[in-house]
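Examination of the molecular architecture
Single-letter residue listing:
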Amino acid sequence: MTDPLALSISAADPAGGLLAADLLAFGALGVAGSGLVTAVTADGIRSAGPVQEVPVALLRAGLASALSAKRFTAVKIGIVPSAPAVRAIARALAQLPAPRVLHPGFAPRSEVRLVRSAARDAFVRDLFPGAALVVLGHAEASALAGFPLLEEADVKAATRRVQALGPSAVLVTGGGAAGDRVVDGLLDGRTWHRFDSERLPTPSDEVAFDRLSAAVTALLATGETLPDAVARALAFAR
């Protein structure tokens, strides 16, 4: 069996989230990792500091170099700020058989919005089809589904609607909902998996949210099934 090797494609920030959190999660789960930067933030994603996008030509060259030199067994795609960058990533990964986990960050988790609306549309059109898993927060799932997620039945309906856009499975995290319990829902094919846990005394931080999707990616890289990978990743991220 090929040694597990995961690739993260996302923005980088100095707060230890995004790409840095992905690589740390890969390593903690015993998976070697590589990273490609799509944008750089000066102050992290919680403050409105400057953001510099990586030129698409440089991103395209980096993808070609990484994919020619290494055999990845799973890929995570996070923050991609522009539609041309999304298209470049989709073309580069088109022939890669490794499972893809998407954690697009459409809805801002702070006052900073790193993904433009055109990039969101391109992400859905070009990267959702064929993805092994799309990981969404409540706000993102609600925006894509077109209705608020007030109870578990709404989450189920939202995952079905997002799944119709092309991914094999959809995970909606429950951290954004009110209550003493956190319920995360996974639609894997036609099977609904419910993960219930006690809410932590303080809300999960941005790094924990990034760690979740990175952990799923790492576990898929080792050959775990998706439901088992999600269950382990949820425990790992918290």
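These notes cover the structure that comes with them. None of these values were measured; they are calculated from a predicted model.

Looking at helix α2 (residues 56–69)
Look at α2: 20 Å from first C-alpha to last across 14 residues, which is about the 20 Å you get at 1.5 Å a residue. Looking at α2, one finds that the buried residues are Leu-59, Gly-62, Leu-63 and Ala-66. Considered in projection along α2, the buried side chains sweep an arc of 100 degrees and stay on one side of the axis. Facing away from the buried side of α2 by over 90 degrees, the exposed positions are Ala-57, Ser-68 and Ala-69. As for α2, its buried residues are in contact with β1 (5–12), β2 (32–41) and α3 (83–93).

Overview of the pairing of β1
With 7 of 8 residues buried, β1 lies mostly within the body of the structure. Since β1 and β2 lie parallel, the crossover through helix α1 (residues 18–28) that links them has a hand, and here it is right-handed. Here β1 runs beside strand β4 (residues 74–77); their pairing, made up of 4 bridges, is parallel. Paired with Ser-8 across the bridge in β4 is Lys-76.

Digging into unusual backbone geometry
Positive phi, close to 55 degrees, is recorded for Leu-18, a residue that is not glycine. Mapped onto the secondary structure, Leu-18 falls in helix α1.

A closer look at the packing of α2 against α3
Where α2 meets α3, the axes come as close as 10 Å, and the angle between the chain directions of the two elements is 20 degrees. In this view, α2 runs roughly parallel relative to α3, as classed from their interaxial angle. Here the hand of the crossing between α2 and α3 comes out right-handed. Contacts between α2 and α3 pair Val-56, Leu-59, Arg-60, Leu-63 and Leu-67 from the former with Pro-84, Ala-85, Ala-88, Ile-89, Ala-92 and Leu-93 from the latter. Among the residues forming the contact of α2 with α3, the class breakdown is 10 nonpolar, no polar and 1 charged.

Rules used in this analysis
Residues numbered from 1 in each chain as written. Predicted model: local features only at pLDDT ≥ 70, side-chain atom pairs only at ≥ 80, totals over all residues. Heavy atoms only, no water. Helix = DSSP H or I, 4+ residues; strand = E, 2+ residues; numbered from the N terminus. Expected span 1.5 Å × (residues − 1). Buried < 20%, exposed > 50% of the residue type's maximum accessible area, 1.4 Å probe, protein only. Arc of directions from axis to C-beta. Contact = heavy atoms within 4.5 Å. Right-handed = clockwise from strand over helix to strand, strands pointing away. Pairing = 2+ DSSP bridges. Axes fitted to C-alpha atoms, helices over the stretch in contact; angles between N-to-C directions. Parallel < 35°, antiparallel > 145°, perpendicular 65-115°, else oblique. Left-handed = near helix turned anticlockwise from the far one by under 90°. Nonpolar A, V, L, I, M, F, W, Y, C, P; charged D, E, K, R; others polar.

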